[in-house]
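Survey of secondary and tertiary structure
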Amino acid sequence: MLNVKTIAVIGAGQMGGGIAQVAAVSGFKVVVVDASAGALGRCQENHGKRLAREVEKGKLKQAEFEAAVSHLNYSGTLDDIKGADVIVEAIVEEAPVKRELFGRLAKMFTGSQILASNTSSISITEIAAAAHGASDRVVGMHFFNPVPVMKLVEVIKGLQTSDATVHRVIELAKAMGKTPIPANDRPGFVSNRVLMPLINEAFYAWMEGVAEPANLDEIMKLGCNFPMGPLRLADFIGLDTCLHIMHVLHRDLGDPKFRPCPLIRQLVAAGRLGDKTGRGVFDYSHPAK
Ligand SMILES: NC(=O)c1ccc[n+]([C@@H]2O[C@H](COP(=O)([O-])OP(=O)(O)OC[C@H]3O[C@@H](n4cnc5c(N)ncnc54)[C@H](O)[C@@H]3O)[C@@H](O)[C@H]2O)c1
């Protein structure tokens, strides 16, 4: 039996916000934690707007909307997640920051709680090694963006992860209306091992003047039947996240074909992170654009 009542989501950004929303709509009590009060405020505001839109579209009944909103709690401190049965981490894609957090979580959660990471590329084995005494309960639970829409959850088993933990996460993903598919703990797993080099190559093609960004994206959309072009998708994911993933692939696979395109580095250095900052490859500061 799943035996999960409360889910703590750490990180209230685009992924954490989405995971929390889906968990709340699925009937779980949710506590969202973020180090930034601004991020927490935006997350709560987005939940209100997005859930209300679901009611307008007829996808959610008024009573379901009210139940979901009542399930959602927001906090700036880990002290408020003590009663959680599952912790889903969705903070910045930086291994040292995640390791530090999992070290703290392992001390806080000494029972049967699952410690899941939504990492896009970082080794679950490495994160689990930092969770002293709890490494068999650390697992990758990789949701996709936007979480309320995308069905897939890539489930990653680290070297130390127990089969029971994998089984529970698969059941949890199903209870959240998702389709869990297992993958092994290799850099980028399946999704970003394949997707991110494609995005990176699109930046190289742009940098080398093969086409302007809008034309490059349109060619890939119409030519490959992609719902959005790779540069638009990079903005949507977040250029900082793309760069972190490319660093992991490059470092951990050791192959120069994974070197991050200098243009991504430059945009990130300029603070042009994509949708989340209003500008990345494309400019979103003007709604008409
Ligand atoms: N963006 C995507 O498309 C996507 C898809 C799948 C997985 N992911 C992964 O999900 C994770 C989050 O990505 P995102 O796009 O939501 O990023 P984001 O930048 O939108 O949000 C990250 C949030 O984490 C918070 N944070 C950072 N360090 C923290 C800490 N120590 N404690 C508490 N909060 C902290 C930040 O304040 C921010 O609100 C990353 O590991 C990323 O690789 C992203």
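All figures in this text were calculated on a predicted structure; none of them were measured in a lab. Numbering of residues starts from 1 in every chain and runs along the sequence as written. Local features in this predicted model are restricted to residues whose pLDDT is 70 or higher, and side-chain atom pairs enter the listing and the counts only when it is 80 or higher, whereas totals over whole chains, interfaces and linings include all residues.

1. Thoughts on the domain arrangement of the chain
In terms of domains, the chain is made up of domain 1 (6-184) and domain 2 (193-277). In this structure, domain 1 and domain 2 have C-alpha centres spaced 26 Å apart. Contacts between the two partners involve 7 residues from domain 1 and, on the opposite side, 8 residues from domain 2. By residue class, the composition of the side of domain 1 that touches domain 2 is 1 nonpolar, 4 polar and 2 charged. Domain start and stop points were drawn from an automatic or database domain assignment. Throughout, a pair of residues is in contact if the C-beta atoms placed from their backbones lie within 7 Å. Under the grouping applied here, Gly and all other residues not named as nonpolar or charged are polar, the nonpolar ones being Ala, Val, Leu, Ile, Met, Phe, Trp, Tyr, Cys and Pro and the charged ones Asp, Glu, Lys and Arg.

2. Here's the deal with the site of the ligand
Neighbouring the ligand are 28 residues, the closest being Gly13, Met15, Ala39, Ser120 and Asn145. Where helices and strands are cited, they refer to DSSP runs of H or I of at least four residues and of E of at least two residues respectively, numbered from the N terminus. Counting only elements with at least two residues in the shell around the ligand, the list comes to α1 (14-25), α4 (95-108) and β6 (138-143). Here the element with the most residues in the shell around the ligand is α1; it accounts for 3 residues. The class makeup of the residues in the shell around the ligand is 13 nonpolar, 12 polar and 3 charged. For each residue, a C-beta atom is placed from the backbone, and the residue is labelled near a molecule or strand when this atom is within 6 Å of it.

3. A look at the sheet that holds strand β2 (residues 29-33)
One bridge is not enough; two strands pair if DSSP finds at least two bridges between them. Within the open sheet, the 8 strands sit side by side as β3-β2-β1-β4-β5-β6-β7-β8. Their pairing is mixed. Of all the strands in the sheet, the pair left with one neighbour each is β3 (72-75) and β8 (179-184). In this sheet, adjacent strand axes meet at a mean angle of 25° when their direction is disregarded. Pairing between strand β4 (residues 86-89) and strand β5 (residues 114-117): 4 bridges, direction parallel. Orientation is described by axes fitted as lines to C-alpha atoms, over the contacting stretch for helices, and by angles from 0 to 180 degrees between their N-to-C directions.

4. Brief notes about unusual backbone geometry
Omega for the peptide link from Asn145 to Pro146 comes to 0°, which places this bond in the cis form. Structurally, Pro146 is set in the loop between β6 and β7 (152-157).

5. So, the nonpolar core
In these notes, a nonpolar core means any group of buried Ala, Val, Leu, Ile, Met, Phe, Trp, Tyr and Cys residues linked to one another through C-beta atoms within 7 Å. Around each residue's C-beta, the other C-beta atoms within 10 Å are counted; 20 or more make the residue buried, 12 or fewer make it exposed, and counts in between make it partly exposed. All C-beta atoms are placed from the backbone. Of all hydrophobic cores here, the largest spans 82 residues; its most connected members are Val9, Ile19, Val30, Val32, Ile87, Leu115 and Cys242. Once residues within four sequence positions are removed from consideration, Ile19 is found in contact with Val9, Val88, Ala90, Asn118, Phe143 and Val147.

6. A closer look at the environment of Tyr74
Tracing the chain through its elements places Tyr74 in strand β3. We classify Tyr74 as buried; it has 20 C-beta atoms within 10 Å. Between the C-alpha atom of Tyr74 and that of Leu40, which follows or precedes it by 34 residues, the distance is 6.7 Å. Not counting residues up to four positions away in its chain, the partners in contact with Tyr74 are Val32, Leu40, Cys43 and Gln44.

7. Side note on the pairing of β8
As judged from the 6 bridges shared by β7 and β8, these two strands associate in the parallel manner. Its bridge partner lying in β8, Lys157 is registered against Asn184. For the handedness criterion, the strands are oriented away from the viewer, and a crossover whose path from the first strand over the helix to the second runs clockwise is classed as right-handed. Of the crossover connections in this fold, the one passing from β7 over helix α6 (residues 163-175) to the parallel β8 is right-handed.

8. Considering the packing of helix α7 (residues 191-207) against helix α9 (residues 230-237)
Two elements in contact, α7 and α9, have axes whose closest approach is 9 Å; the angle formed by their N-to-C orientations is 120°. The angle between α7 and α9 places the two elements in the oblique class. Of the two elements, α7 crosses α9, and the hand of that crossing is left-handed. Between α7, through Leu198, Ile199, Ala202 and Trp206, and α9, the contact on the second element is made entirely by Pro230, Leu231, Leu233 and Ala234. Residue composition of the contact of α7 with α9, grouped by class: 8 nonpolar, no polar and no charged. Roughly parallel means an angle under 35 degrees; roughly antiparallel, over 145; roughly perpendicular, 65 to 115; everything else is oblique. Left-handed describes a crossing whose near helix is turned anticlockwise from the far helix through less than a right angle; right-handed describes the clockwise counterpart.

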